[in-house]
Structures are given as structure tokens and as C-alpha cells.
Amino acid sequence: MRTSQFPLNTVKETPADAEIISHQLMIRAGLVRKLAAGLYNWLPLGVKVLQKVQTIVREEMNNAGALEVLMPVVQPAELWQESGRWEQYGAELTRLNDRHGREFCLGPTHEEIITELARNEIKSYKQLPLNYYQIQTKFRDEIRPRFGIMRSREFIMKDAYSFHSDEESLQQTYDRMYLAYNNIFNRLGLDFRPVLADTGSIGGNASHEFHVLADSGEDAIAFSTDSQYAANVEKAEALAPSEPRGEASETLQKVSTVGQRSIEEISNFLNIQPQQCLKTLLVNGDEDNVIALVLRGDHQLNEIKAEKLAGVASPLTLASDDDIKRIAGCNAGYIGPIGLDIPMIVDRSAAQAANFVCGANENDQHFTGVNWLRDLAEADHIADIRQVVAGDKSPDGQGTLTIARGIEVGHIFQLGTKYSEAMKASVLNEQGKNQTMTMGCYGIGITRVIAAAIEQHHDDKGIIWPAALAPFQVALLPMNMHKSERLKAASETLYEQLIEAGFEVIFDDRKVRPGFMFSDMELIGIPHRIVLGDRGLDNGMVEYRGRTDTENVDIPLQDIIQHLKDRC
RNA sequence: CGGGGUGUAGCGCAGCCUGGUAGCGCAACUGCUUUGGGAGCAGUGGGUCGGGAGUUCGAAUCUCUCCACCCCGACCA
């Protein structure tokens, strides 16, 4: 492609409404343009990247035995009524009527449609298993679309649905999809983790989310240094400390801590580590009472874990200041477990603490050298209520946990019979009896993958495409070609040769200054750059520079194609 | 939906408080010069100041109202 025929539409200034780096770069590099909230036009350069992703996904899905289908975006209400989701789904499901007043919706997903298709097309167990997939536009009227392509209302998704006569077959396909997803994200050149996911209300046996690791990710993920264990931080279990509790060597003392309220202030004031403190949080119980939660000073409460415990109100809410004063006799900041006469849930780590510091239930007073059993009753309700932190033991007993942020780009799920039962999708089994099919579903956010890739691969100059995603592999930049016939001839020849050799080349034949070309090509993230200049041609040389290189390398003109082949 | 904020040229912004000729930078277009890291000079075009209503002799500016968009919370690929 020539830039004279393939406009790059780059912009120098960062758009004001783009918050995260991928959104800014996708607009600056001319991949997308916003049409309305959560709706984007894809420009030619963006479409090239989209197609790269789609091609890889298609190849791996086909390799895994899945069959491509294509289902409508507009879906009849009847099917959603059959599955019960017409009522369940809220405003996120966009509903509309046709000219006859019949009800339809814009598909946020396609379980209903595929189940309808399968129950008509699949009659016998002999046809199973079967795995259908499509690459199709979805529409979800998100409460708050944000982060550009990352969470838009309209987006492109690869969704697959498998049908089986038994659980074993489902597990086989699930495992195959798990592998295919690993292949896909590996080929895309992304640093990712398959993460154990909650099967939630839909049920089923297993579910994994695939997360691309990036600091801007919306989810925090804990994974083991030594094993395959990985889970959303919200779900990751914090094990009890393995080492025994320390000796009660210090004596109990009440100390004045005027004005020192937070754990940070207390530990600075007393010159101790935060983990030597215990903090006591008062939360509302589920029957108009108040419950104390005790955690180590360096740990954070995991609200999701806490609100699942019996007695704790869900959703979790903190006790009011009035209740705190009435029950503890002091302000928040000086609450402690000693002498508190309400139900108390103690975190596993806090229960192992010895010689700790805690509030004295008296303003401006703390206890030091506190020990369970000696100074207050041994905790009778110990539970896991904290957020895991980096360095914790992995719940599977192997290695320690590392915490990273992730962007969910894929999700595989054993659905079971939720839809097939509601919609009566059955086959005849070997006994000639009707049998409900078991289902799995497998999604990849195609458009989100692109944003995630940019979040993970960029620098201050722009995008750094992984090889598989780059819209062009090679940028061919002649310096002031319009002034030199010799340079023009050499550039045109090399351009032809590169195409002949199978490279996707962007040939910058614009009459612009060199710096302009460099900046554009770096912004749009082309992995390999060849610069041709009169100076180099005198010696039969061209310059090569990879996108992340800091130095140019002179390469003889006749060797450049081989040089590129070695690097691609 | 709750809370906060912004709408002025394609993009980024000033002007608004204190009403009186609509501005700056970038981009675009023309010409000349320049040409190895987003050039310089000169010139040109481009605006119902988000929409509507009101106050006023006069509204980008004050008032009311509607709309759009962005940010923080509950959802998800």
C-alpha cells in the first residue's frame, strides 16, 4: 500500500474525551472514530487489524473442529421469552418493534438463537458433538460505556456454542477450546492468563476467563509463581498463615495515641509495622445488629467474601458513626476487639497475630502487646475475609501469589442444560428416547482484544503491534524521494520486491518531511522500518530499524529482504 | 440511575464572572523557501458559540428548559 492511496488519518493531539492509552492511541493512529457514546466507526487501518484478529481466531476455531455459522443481530422476542431472559434482562437489552408491532431485540449474545437452530437441525445423538461459532456484532446498552473500544455498546465478538449428549463430551470440547484459546492468544502475541472463574448463577462445572495482563485492566488477578493457579482476586482464597502463632512475650499496655487514627498513623507513631496492628471494622448484620470484622493492619477487607458469611448483611455496609459510638464507646479509629460485646468475625491472619496493637475502645487510646487467649477470648469465628496480597501462599499449596491487573478478553463456560432445557433442545439417544443436550459456550471479544493489545504494547511514541496484529509488517520510507529520480527508482523496485517476497508493506510516497514519516509510522506501530536515502544508496545501503530498537542498522540493499525474513 | 463536570471552526482550548465587532494554536487550502525526527514565511477558507424559550435596545456571556458527551459507583467479551 502507498500512503498516497491509503490515508493514515493520524492526529497529533490527544482527544480530550479519551481516558486510557489504548483509546487515545486508537484515535490518534486513525484506527477508529467515535460516532456516539459506545459506538465507533472503524477506519481502513483499523479494519486491517480487525481482520488479523479474526483470521487467527477463525483458523484456531476451525482447527479445533468448530463450524462457522452466522446469526442475525436482530432477534425475535419469542425465543427470549422461551428462555426466560426477556424478563430477566434489564435495560441492557435493547428492544424494538417492526412495522407490524412484533417485538424484537438487538442480540447482546446468541444462546437463544443457537439453541433454536440446534433443536431444529440436530435430531440424533449420532450428530453430536457439534460446536458452532460465529464472528458477529453484539449490542449491549451498557449503563456506562467507557474506555473507548474496551467497553463499547456495539462490539464484535467471536461466540461459540457446543452441543453434547453427555458431560464427558462437553468436557472434551471444553478442554479443546481451552487449548484453542491458549493458541489464539499466544499467536496474537499477548501476555495473558487463563483464570479460574466463578460459575455463578448459571451453574455448570467449569469456567475460565482469559485475561490480558495490563496495568489499566479492570480486574485484579492473583496467580501462582509455581503452578497454573490463577483466579480473580475477589475469588482467590487467603490461606491461614502456616507458621504457628508467636509467643505472648510482651505485656499488655494501654498507650496514649492522641489524634492517631489510621493504621498508617498508628504504626508510624508507635514505630511498628502495619502487620503488627489489628483493625476492627463494624459492619451491619442481617438482622438490625452490628458485627465486628477483625483484620490485620496490612490487609484489606474483601467485601465479597465478607458479605457471603452468615450474619453479615448483603450488600455489605459499614455501621453508622452513631452505632459505632454506642457500641464501642469511641470513634472509628480506636475500636478494638477487647471488651466488644457483639458477634466478631476474625480473619485467619489476624487470629494468628501475637503481641499486636489494637484500639482500646476509648478515644485517643490503644493497647499494645495484646495477645489472644491471655488478654481476650480466643476468636470463636475465624474466616477468610481479606483480599489476597502479593506474596501470599497460593491456595493450591504451590508457590506464592503475584497480583496483576487484567483485561478480560475471553471466557469459556460449561453451560449445562440451562438453555437446552428451557427451549426443549433434545436429540434421540441410543434408546430412542428424547434427551436434552448439554451445552458449552465460548466467547472472545474481538474488538476488545485490539484495545487490550495496545494497552499492553505501546510506548510514548505510539502503538507497538505484536507481529500478528500489525496492519503492515514493513514501513518503506524514502527520504525526499521527489528530489531524486535514482532514489525513486530504487524505492519503487524495493517496494515491488518486498511485495513479491510476501510482505505487507506501507510505502510512504507522500511528499512530507522525514520526521513526519517517522512519527506516523511509530504512532501506527509498524514493526519494521526501512529508510532509503541518497547517502545510503551511494554505498548500496539501506537503514533498518525495528519498532522497539533504539539504533539504525545499515544493511546492504541486496540483503534487506533476507534480513527482514530473519526477523519476521 | 445516583453524584461530579464539559459543550465556542475538523482537533485542542481562551473569551462567560463584569452583556456591546467571535478569538488563539494545530489541522486544511494556495504560493515561495526548506527537506534525516511532527518545518519557516506570506496568504485563504471554515462558526446557526449544543437545541429551544426567556430577560434586555443588544446574549457565547444572565435565567429557565431540553439534549449530547465525559468522569466516579452497580454490569460484562
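Residues numbered from 1 in each chain as written. Chains lettered and ligands numbered in written order. Predicted model: local features only at pLDDT ≥ 70, side-chain atom pairs only at ≥ 80, totals over all residues. Heavy atoms only, no water.

Colleague: I keep staring at the confidence of the model for chain A and nothing clicks. Help me out?
Modeller: For residues with low pLDDT, the predicted coordinates do not support detailed interpretation. Averaged over all residues, the pLDDT of chain A equals 92, while 99% of them reach at least 70. The complex prediction reports pTM at 0.87, with the ipTM value standing at 0.91. (pLDDT = per-residue confidence, 0-100.)

Colleague: Looking at this structure, how should I read the protein's contact with RNA strand B?
Modeller: Lining the immediate surroundings of RNA strand B are 49 residues, of which Lys12, Arg144, Asn480, Glu522 and Glu543 lie closest. When atoms of RNA strand B within 4 Å of the protein are split into backbone and base, the sugar-phosphate part holds 42%. The contact in question runs from a sugar or linking oxygen of RNA strand B to an N or O atom on the backbone of glycine 410, over 3.3 Å. At a separation of 3.5 Å, a base oxygen of RNA strand B approaches a polar side-chain atom of arginine 545. Those elements that place two or more of their residues in the surface near RNA strand B are strand E8 (154-164), strand E20 (401-416), helix H14 (514-523), strand E28 (528-532) and strand E29 (541-546). (Near = heavy atom within 4 Å. Polar contact = N/O pair within 3.5 Å; in protein donor to acceptor, adjacent residues only side chain to side chain. Helix = DSSP H or I, 4+ residues; strand = E, 2+ residues; numbered from the N terminus.)

Colleague: Looking at this structure, how should I read the sheet that holds strand E26 (residues 474-478)?
Modeller: In sheet architecture, strand pairing relies on hydrogen bonds along the backbone and comes in two forms, parallel and antiparallel. With mixed pairing, the five strands of this open sheet are ordered in space as E27-E26-E28-E29-E30. Because the sheet does not close on itself, it has two edges, and the strands there are strand E27 (505-507) and strand E30 (553-556). Averaged over all pairs of adjacent strands, the angle between their axes in this sheet comes to 25°, without regard to strand direction. With four bridges joining them, E28 and E29 adopt antiparallel strand pairing. (Pairing = 2+ DSSP bridges. Axes fitted to C-alpha atoms, helices over the stretch in contact; angles between N-to-C directions.)

Colleague: Looking at this structure, how should I read the packing of helix H2 (residues 44-63) against helix H6 (residues 167-187)?
Modeller: Packed helix pairs are specified by the crossing angle of their axes together with the interaxial distance, meaning the distance between the axes. Contact geometry for H2 and H6: axes closest at 9 Å, N-to-C directions at 150°. For the element pair H2 / H6, the angle class is roughly antiparallel. In terms of crossing hand, the pair formed by H2 and H6 is right-handed. Contacts between H2 and H6 pair Ile56, Val57, Glu59, Glu60, Met61 and Asn63 from the former with Arg176, Met177, Ala180, Asn183, Ile184 and Arg187 from the latter. Grouping the amino acids of the contact of H2 with H6 by side-chain chemistry returns six nonpolar, two polar and four charged. (Parallel < 35°, antiparallel > 145°, perpendicular 65-115°, else oblique. Left-handed = near helix turned anticlockwise from the far one by under 90°. Contact = heavy atoms within 4.5 Å. Nonpolar A, V, L, I, M, F, W, Y, C, P; charged D, E, K, R; others polar.)

Colleague: Explanation requested: the environment of leucine 39 in the structure shown.
Modeller: Its place among the elements puts leucine 39 in strand E2 (residues 39-42). When the C-alpha atoms of leucine 39 and tyrosine 229 are compared, they prove to be 37 Å apart, with 190 residues separating the residues in sequence.

Colleague: Please clarify how the side chain of aspartate 159 should be interpreted in this entry.
Modeller: Considering the arrangement of structural elements, one finds aspartate 159 in strand E8. A polar atom in the side chain of aspartate 159 sits 2.6 Å from the side chain of lysine 138. A polar contact of 2.6 Å, which involves the side chain of aspartate 159, links it to the side chain of tyrosine 161. The contacts of aspartate 159, once residues within four sequence positions are left out, are His110, Tyr132, Tyr133, Gln134, Lys138, Tyr442 and Gly443.

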